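Now for the letters of each chain:
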Amino acid sequence: MNRKLAGRIGINLLGLFVFVVMVFPVYWMVATAFKEGHNVLADTPQFFPNPATLSNFDEAIHRQYFWDVVKNSLIIVATVVTFSLVVGFLAALALAKFRFHGRAVFIVLILGVQMVPLNALIIPLYIQLSNIGLTNELRGVIITYLTFVLPFTVWTLRGFLLGIPRELEEAAMVDGSTRFGAFVRILLPLVAPGLVATSIFAFVVAWNEYLIAYVFLNDAEKQTLTVWLAGFTTQRGTEWGPLMAAATLTALPVLVFFLLIHRKIAFGLTAGAVRG
Amino acid sequence: MSQGAGGEAGFPALTAAAGPLARRRPFAQRAFRTLSPYFLLAPAALVIGAVLAYPVYKLGRLSLQQFGLAELVTKKGTWIGLDNYSRIFHDHQFWTVVLRTFVFTAVNVGLTMILGTLIALLLTRLGPAMRLLLTTGLVLVWATPVVVAVTLFRWMVDFEFGVFNWTLTRLHFGDFINKDWFADPKTGFAVITAIIVWGAIPFVAITIYAGLSQVPEELVEAAQIDGAGRWRVFRDITFPLLLPIFVILTSLSIIWDFQVFNQVWLIRDGEPEEDYWLMSVYSFVEAFKLGEYGFGAAIAVVMVCLMFLATFVYLRQMIRMGETR
């Protein structure tokens, strides 16, 4: 009995150790963000910010272009999410609720395109957009983000729609409801959590994207938050305090959203595969 | 495709779902029913065609052209057949980069899968409170944007004030005072690998853990009664049951790690030395730094082909899924 207890304590201590190792980088970012300048650059690292200060955050948000890039990121993300959700939902509806010629082809296409690396497509995309004069425009970035957000949205929403039993819809129609009525009153409320989860995931992906924005947007006031953050270092050495504050601010919305939905996303990504 | 209303007879599922009433409906309504999935799909198909299919085609075309900065202005490349490809295959640098990319992918995928599996197994044996704590920690890491992750790892391994060098010295691993991790590409890649594996573990661990909790307990117990140890249970019961999940996670990891770009690019401040080039970096430098878009495109094509080969098993499974459902 005692050996069993010791074993359980040991396992949980191991769990604690793994937790500390995994979370430490994130903790270190936040801790540094709250430290005073001379404590950031200390020969013996200070493991807890004392005294804590908000001056790094103050400096980060008053840095040039901060509000411009936040606005740009929000515009891009909002447009991409709205558009891909509407278009993606219609397509998911067709794939989940209808049988038709070309359905299998489309599903393979949706899965296949997700495998083509963006790094490979960035060259033709850049040339195409430069041909029609959309480089250095938010519109160009928005269109490009659809390449990876839309297929994902279609696939995930299809998974959520498939999870709704067909009998529910049929029952509504037997009760005299039209197909559209059944859709609005039965299907839509049931799929709402899926829509929320998918849109948050689309938000996160678009918010985090770096490469496309870095290549396509040249002017400093037209860039996104991630590009701005990556360019933080250049002037007079690295100011780690403000940089960590800026990094914390960049990560914050994503951290919050992810904690809210991670279960659904793990399901959405693997559901189709496991059941297949 | 062009069967219109007449096609409905060919789809028992739809007819059954619509019920017997469908027969008496007017022709126009039935036509609408049959065509509606196409209407629903059209916008998505259009967008995917424009932003994905066309660029893929364009990539192939570019790789067969001389397309530099001059051509970017005139908007017209010159056909040079397979010259870009023959240049690749005679390029000494290219083969070094390919080999480096393969080794890099293997190391990263291997570490991610092994550590992810171990953490998933650990999760199953933790108490509820500790399990919640660790899961929350994993989700925090999962959510950290790549740009943020690179930034904070750069700070941690900073040669002067980084917490990493201080800790290693304190733990008597040697003298790490003022050690510059990027002076030697080997230790530099160790840092890059740490960033990638650290960021990739949560998804793998949480997914495998979800799979592990589906394994019927009776099976495991029966095996244990028969005298099987932990390792035997994992090898002969858990692993075979979870094989589909392992195949998918490994393939996804290969896809992700084979095309790593941001971590290398950002940690070297947008100017990675040649020793740090992976295939995606090589292609990018040729295209956007040297203005050789055609040559860069050819490298990208080779990269995609190699990746498809590496994930052949996964692809086969996906195509089967598309056919059966």
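Residues numbered from 1 in each chain as written. Chains lettered and ligands numbered in written order. Predicted model: local features only at pLDDT ≥ 70, side-chain atom pairs only at ≥ 80, totals over all residues.

1. Here's the deal with the interface of chain B and chain A
- In this complex, chain B contributes 81 residues to the contact, which on the side of chain A involves 81 residues.
- The biggest single contributor to the side of chain B that touches chain A is helix H2 (residues 27–62) of chain B, with 15 residues.
- Broken down by class, the residue content of the side of chain B that touches chain A amounts to 64 nonpolar, twelve polar and five charged. (Contact = placed C-beta atoms within 7 Å. Helix = DSSP H or I, 4+ residues; strand = E, 2+ residues; numbered from the N terminus. Nonpolar A, V, L, I, M, F, W, Y, C, P; charged D, E, K, R; others polar.)

2. Observations concerning the nonpolar core
- Core analysis: the biggest nonpolar cluster contains 162 residues, and Val80 and Ile123 of chain A together with Leu152 and Ala205 of chain B have the highest contact counts within it.
- Considering every element that reaches this core, the biggest residue donor is helix H9 (residues 185–212) of chain B, with 14 residues.
- Discounting chain neighbours no more than four positions away, the residues touching Ala205 of chain B are Gly116, Ile119, Ala120, Leu123 and Leu138 of chain B. (Core = buried A, V, L, I, M, F, W, Y, C linked by C-beta atoms within 7 Å. Buried ≥ 20, exposed ≤ 12 C-beta atoms within 10 Å, placed from the backbone.)

3. Overview of the packing of helix H1 (residues 2–33) of chain A against helix H6 (residues 128–143) of chain B
- It is at 9 Å that the axes of H1 of chain A and H6 of chain B come closest, and there the two elements cross at 20 degrees. Between H1 of chain A and H6 of chain B, the interaxial angle falls into the category roughly parallel. Of the two possible hands of crossing, H1 of chain A and H6 of chain B adopt the one that is left-handed. Seen from H1 of chain A, the contacting residues are Asn12, Gly15, Leu16, Val18, Phe19, Met22, Val23 and Val26 of chain A; seen from H6 of chain B, they are Met130, Leu133, Leu134, Gly137, Leu138, Leu140 and Val141 of chain B.
- Taken together, the residues of the contact of H1 of chain A with H6 of chain B break down into twelve nonpolar, three polar and no charged. (Axes fitted to C-alpha atoms, helices over the stretch in contact; angles between N-to-C directions. Parallel < 35°, antiparallel > 145°, perpendicular 65-115°, else oblique. Left-handed = near helix turned anticlockwise from the far one by under 90°.)

4. A look at helix H8 (residues 163–170) of chain B
- Burial in H8 of chain B covers these residues: Val163, Phe164 and Asn165 of chain B.
- As for H8 of chain B, its buried residues are in contact with H1 of chain A together with helix H7 (146–156) of chain B.
- Downstream of H8 of chain B by one or two residues, His172 of chain B has phi in the positive range, about 60 degrees.

5. Observations regarding the domain arrangement of chain A
All names here are of chain A.
- Here chain A is described as being made up of domain 1 (2–53) and domain 2 (65–275).
- If you average the C-alpha positions of domain 1 and of domain 2, the two centres end up 33 Å apart.
- Tallying the contact residues gives seven residues for domain 1 and six residues for domain 2.
- Residue contributions to the side of domain 1 that touches domain 2 peak at four residues, all from H1.
- Of the residues contributing to the side of domain 1 that touches domain 2, the split by class is four nonpolar, two polar and one charged. (Domains from an automatic or database assignment.)

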